[in-house]
Amino acid sequence: MTRTRPLPLLALAALGLVLGFLLNTVLAAQGLAVVVPPLSLSLALVLIAAVLLLLAWPVRAAARGEKRIDPFYATRVVVLAKASALSAAILAGAAAGILAYLLSRAVVPLGSTLASGATLVAAVILVVVALVAEHLCSLPPQDDELDEAAASST
C-alpha cells in the first residue's frame, strides 16, 4: 500500500469547499436553513484522531522490532488511517466552504461561524494525525532493499 499523497487530499478538500459553499448558497436561495455542523462533530473528529493514534502506536513498536502483532491488525490500522485522511480532507473542505459562505453574509452569525471553524480545525487535526498514524505503520527499509537502491543509483 502506498502512502497518501498530498494531491488527492488537496483535490478532496477543494471538492468539499465547492460543495459546502454551493449547498449553503442553494439552500439560502430557496429560503431554507443553511447547513451548519454541530459542535459535537468537532469533538467526535478529535476523538477519532486520538483513537487512531492509540491504534497505530503498537504497530510502530512492532515495526521497530520491540514486540509482535498480528499483521492483519497492522493492515487494518493503515487502511483506517488512509480512509480517515481522505474523509477528513473532504470534511475539512466542506467546513471551509460553509465557513466561507457564513463569512460572506452581511450579518455574520457568530455561533454558526464558530461551529464551522471548530469543525474545520478538528478535520485538519484528523488529517494530520491520520498521516502520522500511516507513517507509524510503515516498515523500515530492509538491508537488501538498501543495497538494491545503492546499486541502482550508481
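Residues numbered from 1 in each chain as written. Predicted model: local features only at pLDDT ≥ 70, side-chain atom pairs only at ≥ 80, totals over all residues. Heavy atoms only, no water.

Attention now moves to the overall build of the protein. The helix and strand tally for the protein stands at 5 helices and 0 strands. Each helix and strand of the protein, placed in order from N terminus to C terminus, yields the pattern α-α-α-α-α. Per-residue burial over the protein gives 31% buried out of 154 residues. Sequence-distant contacts in the protein: of pairs separated by 6 or more residues, those separated by 24 or more amount to 78%. Surface accessibility of the protein: about 9300 Å² in total, with carbon and sulfur atoms responsible for 73%. (Helix = DSSP H or I, 4+ residues; strand = E, 2+ residues; numbered from the N terminus. Buried < 20%, exposed > 50% of the residue type's maximum accessible area, 1.4 Å probe, protein only. Contact = heavy atoms within 4.5 Å. Areas by Shrake-Rupley, 256 points an atom, 1.4 Å probe, with all protein chains shown as cover.)

Ranked by size, the top nonpolar core spans 23 residues in total, and within it Ala56 and Cys137 carry the most contacts. When contributions to this core are tallied by element, the ones reaching two or more residues are α2 (39-63), α3 (71-103) and α4 (110-136). Filtering out sequence-adjacent residues up to four positions away, Ala56 remains in contact with Val77, Ala133, Leu136 and Cys137. (Core = buried A, V, L, I, M, F, W, Y, C linked by side-chain atoms within 4.5 Å.)

With that out of the way, let us pick up the packing of aromatic side chains. Considering all chains together, one arrives at 1 aromatic pair under this definition. Their ring planes at 70 degrees and their centres at 6.0 Å tell us that Phe21 and Tyr101 sit as a pair that is edge-to-face. Separated by 80 residues along the polypeptide, Phe21 in helix α1 (residues 6-29) and Tyr101 in helix α3 bring together distant segments of the chain. Its guanidinium or amino end placed over the ring of Trp57, Arg60 lies 4.8 Å from that ring's centre, counting from NZ or CZ. (Phe/Tyr/Trp six-rings, centres within 6.5 Å; stacked < 30°, edge-to-face > 60°. Lys NZ or Arg CZ within 6 Å of the ring centre and 35° of its normal.)

The predicted model of the protein averages 89 in pLDDT, with 89% of residues at 70 or higher. Mean pLDDT values over the elements of the protein span from 55, in helix α5 (residues 143-153), up to 96, in α1. (pLDDT = per-residue confidence, 0-100.)

Let us now look at α2. If you check α2, its first and last C-alpha atoms are 37 Å apart, about what 25 residues at 1.5 Å a residue would give, namely 36 Å. Every buried residue of α2 is accounted for by Ser42, Leu45, Ala49, Leu52, Ala56, Val59, Ala61 and Ala63. In this fold, the buried residues of α2 make contact with α3 and α4. Following α2 by one or two positions, Gly65 adopts a phi angle in the positive range, close to 85 degrees. (Expected span 1.5 Å × (residues − 1).)

Our next topic: the side chain of Ser116. In this fold, Ser116 is placed in helix α4. Ignoring any residue separated from it by four or fewer positions in sequence, one finds Ser116 in contact with Val36, Pro37, Ala95, Ile98, Leu99 and Leu102.

Its location among the elements puts Ala81 in helix α3. Taking the C-alpha atoms as reference points, Ala81 and Thr4, 77 residues apart in sequence, are found 9.4 Å from one another.

Bringing a nonpolar patch on the surface into the picture now. A surface patch of nonpolar side chains, about 320 Å² in accessible area, is lined by Leu17, Val18, Phe21 and Leu22. Along the chain, Leu22 falls in helix α1. (Patch = residues over 30% accessible without salt bridge, like charges linked within 9 Å, V, L, I, M, F, W, Y side chains within 5 Å. Salt bridge = Lys/Arg side-chain N within 4 Å of Asp/Glu carboxyl O.)

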